[in-house]
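# Notes for the structure review
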Amino acid sequence: MNETTVILGATSGIARALARELAAQGDNIVLAGRDMESMQTMATDLTVRYQVKVGIVPFQALDFENHPESWKQMGHTAAGEPTKVVLCYGFMADQQECETNPEKARRTLDINLTSAVSILELVAGDFAQRQSGTITVVSSVAGDRGRATNYIYGASKAGLTAYTSGLRNRLYKEGVHVLTVKPGFVDTSMTKGLVDPDSPLVATPEQAARDISKAMDAKRNTIYTRWFWWIIMMIICCIPEPVFKRLKI
Amino acid sequence: MTVKETLSGWGNFEPRQCCAHYLSSPTALQDWIGRSQDTYIARGFGRSYGDPSLNSGSNVLHQSPRNHFMAFDESTGLLTCEAGVSLGEIIAAFLPRGWFLPTTPGTKFVSVGGAIAADVHGKNHHVDGSWGAFVHLLDLLLSTNEVLTCSRTQNESLFRATLGGMGLTGIILQATIQLKKVQSAWVKVDYKRTRDLNDTFAAFAQHAHNYRHTVAWMDCVSKGAGMGRCVCMFGNDADIAEIPSAFRSAPLALPSKLEKMVPLDFPSWILNPLSVKAFNRLYYGVHGDSTKIVDYNSFFYPLDSVHHWNRIYGKRGFIQYQAFLPPETAEKGYEKILERITQAGCASFLAVFKSCGPGREGILSFLDEGYTLALDLPNIGHPLHRLTRELDAILIDNGGRLYLAKDALTTRENFAAMYPRKAEFMAVKNAFDPNGKLVSDQARRLGLVEGA
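Residues numbered from 1 in each chain as written. Chains lettered and ligands numbered in written order. Predicted model: local features only at pLDDT ≥ 70, side-chain atom pairs only at ≥ 80, totals over all residues. Heavy atoms only, no water.

Attention now moves to the overall build of chain A. Counting secondary structure elements, chain A contains nine helices and nine strands. Taking 249 residues into account, the globule formula puts the C-alpha radius of gyration at 18 Å, and chain A, at 18 Å, falls close to it. For chain A, the spread of C-alpha atoms along the principal axes amounts to about 55 × 40 × 35 Å. In chain A, buried positions account for 49% of the 249 residues. Sequence separation of 24 or more characterises 69% of the internal contacts of chain A that already satisfy a separation of 6 or more. (Helix = DSSP H or I, 4+ residues; strand = E, 2+ residues; numbered from the N terminus. Rg over C-alpha atoms; globule rule 2.2 N^0.38 Å. Buried < 20%, exposed > 50% of the residue type's maximum accessible area, 1.4 Å probe, protein only. Contact = heavy atoms within 4.5 Å.)

Residue and element names in this part refer to chain A. In this structure, the second largest pocket occupies an estimated 270 Å³ of space. Together, 16 residues line the second largest pocket, and G133, T134, G175, H177 and K219 are the ones closest to its centre. Of all the elements in the fold, those that place two or more residues in the lining of the second largest pocket are helix 6 (151-172) and helix 7 (205-217). In terms of residue class, the lining of the second largest pocket is made up of three nonpolar, seven polar and six charged. (1 Å grid on protein atoms, 1.4 Å probe; cavity = no way out; pocket = protein on both sides within 12 Å on 5 of 7 lines; lining within 4 Å. Points joined across faces, edges and corners; volume = space filled by probe spheres on them. Nonpolar A, V, L, I, M, F, W, Y, C, P; charged D, E, K, R; others polar.)

Listed as interface residues are 16 residues of chain B and, on the opposing side, 14 residues of chain A. Note that R49 of chain A is salt-bridged to E89 of chain B, the shortest N-O span being 2.8 Å. Applying the counting criterion to the chain B and chain A interface returns seven residue pairs in polar contact (both at pLDDT 80 or more). With four residues, strand 5 (residues 69-73) of chain B is the largest single contributor of residues to the side of chain B that touches chain A. Tallied by class, the residues present in the side of chain B that touches chain A amount to nine nonpolar, three polar and four charged. (Salt bridge = Lys/Arg side-chain N within 4 Å of Asp/Glu carboxyl O. Polar contact = N/O pair within 3.5 Å; in protein donor to acceptor, adjacent residues only side chain to side chain.)

Scored by pLDDT, chain B comes out at a mean of 92, with 97% of its residues at no less than 70. This complex was scored by the predictor with a pTM of 0.93 and an ipTM of 0.90. (pLDDT = per-residue confidence, 0-100.)

Another point: the pairing of strand 6 (residues 78-82) of chain B. Residues and elements named next belong to chain B. The buried fraction of strand 6 is high, at four of five residues. Alignment of strand 5 against strand 6, held across four bridges, turns out to be antiparallel. Bridging across to strand 6, F69 finds its partner in C81. Linking strand 5 to strand 6, which pair antiparallel, is a turn of four residues; within it G77 sits at a positive phi near 80 degrees. The sheet contact formed by strand 6 and strand 10 (residues 171-178) spans five bridges and is antiparallel. The residue bridging T80 from the neighbouring strand is T176, located in strand 10. (Pairing = 2+ DSSP bridges.)

Looking now at the packing of aromatic side chains. Scanning all chains against the criterion turns up 27 aromatic pairs over all chains. Their ring planes at 75 degrees and their centres at 5.8 Å tell us that W227 of chain A and F228 of chain A sit as a pair that is edge-to-face. By relative accessible area, which is 51% here, W227 of chain A ends up exposed. Through pairs of rings, three or more aromatic residues link up here, namely F201, F204, Y211, F234, Y334, F353 and Y371 of chain B. A cation over an aromatic ring shows up here: K108 of chain B above the ring of F109 of chain B, its NZ or CZ 5.3 Å from the ring centre. The ring of W99 of chain B is capped by K181 of chain B, whose NZ or CZ atom sits 4.8 Å from the centre of that ring. (Phe/Tyr/Trp six-rings, centres within 6.5 Å; stacked < 30°, edge-to-face > 60°. Lys NZ or Arg CZ within 6 Å of the ring centre and 35° of its normal.)

All names here are of chain B. Checked against the element boundaries, S151 lands in strand 9 (residues 147-151). Here the side chain of S151 touches T153 through a polar contact of 3.1 Å, landing on its backbone nitrogen. Not counting residues up to four positions away in its chain, the partners in contact with S151 are H136, L137, E156 and F159.

Here the focus is the sheet that holds strand 2 (residues 16-22) of chain B. All names here are of chain B. Spatially, the four strands line up as an open sheet ordered 1-2-4-3, and their pairing is mixed. Because the sheet does not close on itself, it has two edges, and the strands there are strand 1 (2-7) and strand 3 (40-43). Averaged over all neighbouring strand pairs, the angle between strand axes comes to 40 degrees, with direction disregarded. Sheet analysis places strand 3 next to strand 4 (residues 59-62), joined by four bridges and oriented parallel. Across the sheet, residue Y40 finds its bridge partner in strand 4, namely N59. (Axes fitted to C-alpha atoms, helices over the stretch in contact; angles between N-to-C directions.)

This part takes up the sheet that holds strand 18 (residues 318-325) of chain B. Residues and elements named next belong to chain B. Spatially, 16-12-14-13-19-20-18-21 is the arrangement adopted by the eight strands of the open sheet, whose pairing is antiparallel. Only two strands of the sheet have a single partner each, and these edge strands are strand 16 (290-295) and strand 21 (401-402). For strand 12 (residues 186-193) and strand 14 (residues 230-237), the ladder comprises seven bridges, and the chain directions are antiparallel. Pairing of Y191 across the sheet is with M233, part of strand 14. Together, strand 12, strand 13 (213-218), strand 14, strand 19 (351-356) and strand 20 (370-378) form the strand contacts of helix 6 (residues 197-207), whose direction differs from that of strand 14 by roughly 15 degrees. Against the sheet, helix 7 (residues 273-286) contacts strand 12, strand 13 and strand 14, and its axis sits at roughly 50 degrees relative to strand 14.

On to the packing of helix 9 (residues 330-344) of chain B against helix 10 (residues 382-397) of chain B, then. Packed helix pairs are specified by the crossing angle of their axes together with the interaxial distance, meaning the distance between the axes. Residues and elements named next belong to chain B. Their axes nearest at 9 Å, the elements helix 9 and helix 10 cross at an angle of 170 degrees. When the axis of helix 9 is compared with that of helix 10, the two are roughly antiparallel. Contacts from G333, K336, I337, R340, I341 and A344 in helix 9 reach L387, E390, L391, I394 and L395 in helix 10. A per-class count over the contact of helix 9 with helix 10 returns seven nonpolar, one polar and three charged. (Parallel < 35°, antiparallel > 145°, perpendicular 65-115°, else oblique.)

Looking now at the environment of S36 of chain B. Residues and elements named next belong to chain B. Mapped onto the fold, S36 is located in the loop between helix 1 (26-35) and strand 3. Taking the C-alpha atoms as reference points, S36 and G228, 192 residues apart in sequence, are found 51 Å from one another. Other than its neighbours up to four places away in sequence, S36 contacts N59 and K437.

Shown next as structure tokens:
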């Protein structure tokens, strides 16, 4: 029986790579997002390349009222009933801009955290009822500790990480697995111009997708991609606060 | 999004700063073109060696985000895909289903758009022709923001200008190409060693017509008696019965190969006449006459498994000099070229020599019936420029030309002499790009655009 994976935020850099990675393994795919034209192009590519079934559903993170309808549609596409859901979208604006423009700050929190809670509670309820399924949430290393250069984005991801961990705790006894993914730097449109893609610290979306797919199969709880970010973050988290607050970081 | 990038071709020769853009759909491209007054050129995976995909101080539009398959017909083998799809992706998706590329250059890290723009060729050119022969149609986004479908029956002059047109007619959005049905992922190869250039020509004359794939690794360091000696590789697609028994139950699968990587630029003294001579002697010595069954990856893409092999040439980079000569003058012309190169002591290891078949699909297509020789020349500054001028002169005297996908140094005058159909190409280009927005550093250098 083939699995069906819903990808929320299907046109993000990581999502595109993950859709291919999972379809290559035979998963049918439901693409959920805002850009119908891009998702149609992706869907055609996935069916031609991997000969799997693909469904497309409009999904707007900030359209909270329509989340129940969206989720219902995701359950009724040609790709079949979802057995896995991956939340793969995020919003990262310039930190300085978020400090002076409350709208941007609010948008960051609404997209990265509030919308995630809204849609995933719906997913959690259904999967719990079925007593099976896997939920994967792409958070970020930025959520491990707030730092001056990125704390509004970091706060939203810190919230998301705590939410996902609580969800994992709740759903364990229902037979539903929850995976938290914490990427460091990945070469996508979110980080274009901010990081040097040739740096060994920067993962390609394909590498991140492979890490995520393997972790989903192995039923890991939390992973960093790439793996060495757990060392970097452990060091960062160990720095005592009286020292950390003085750093330009 | 826009990023300033320092770009070069595969030869790492004279990198230039360009404004790089990653626009991932035709709509995004049209939006950008509509708003922009500046020049631009498309870039695939940057596997051309010189400057065809550079545009110093101006725009380079990366096509790699546009890498979607659009349709595949199992009964005909016709594949329609975006121009940013790589040949490697096509193989990965379709070889397991029994389909291979109809012809392939020496690396699979080339985009479909790049393959069309350079009208690439492979080891089967003498039988099947170039990449252009297998392109049924393409959609071209002009600088006027119009999209035209081009084929042998529709907008034909634009089709013929785009094949081998180095991206100067417009941005290729998608293309329909003909894949080839294959039984296995293996090639049966006969290795033959030749003593010198004369012997090499004789070997091709005698044997090439019996094989679908022919190529020779030529020793470009030995002077005198052994000059132009080769290890010839003549191959045919292997039937299932011919492949190693361990792989017979899965004839389209491959042995996994350990990928290596050159992690940093080597110091420039590593490749010198002595080390190259030693390597050539070893390579020539190791390969006697024999027959082997070789997997497609090792036969068609020997260098792809060493990622960043171009770093072996160090920070100063290198150029690749790839020449074509017609049958009447090839032997005498290549003899002069080899004499000049071996005399200059320019270390070029493992040059590639091949016989070619008739027919040029595009106005500026490189090959025709005759012979091609490709060799690497390290960037040693002015002596290199002098050497290539002299080699160009030999080519022009003998009715030959250079491959634009490899060229980094030739002059406007030499190019005009090598490509007498230049005016015909420019007439088409100027008709469809009246404001001259499609510009590359190579186009400026060769006088293919005004105001260079």
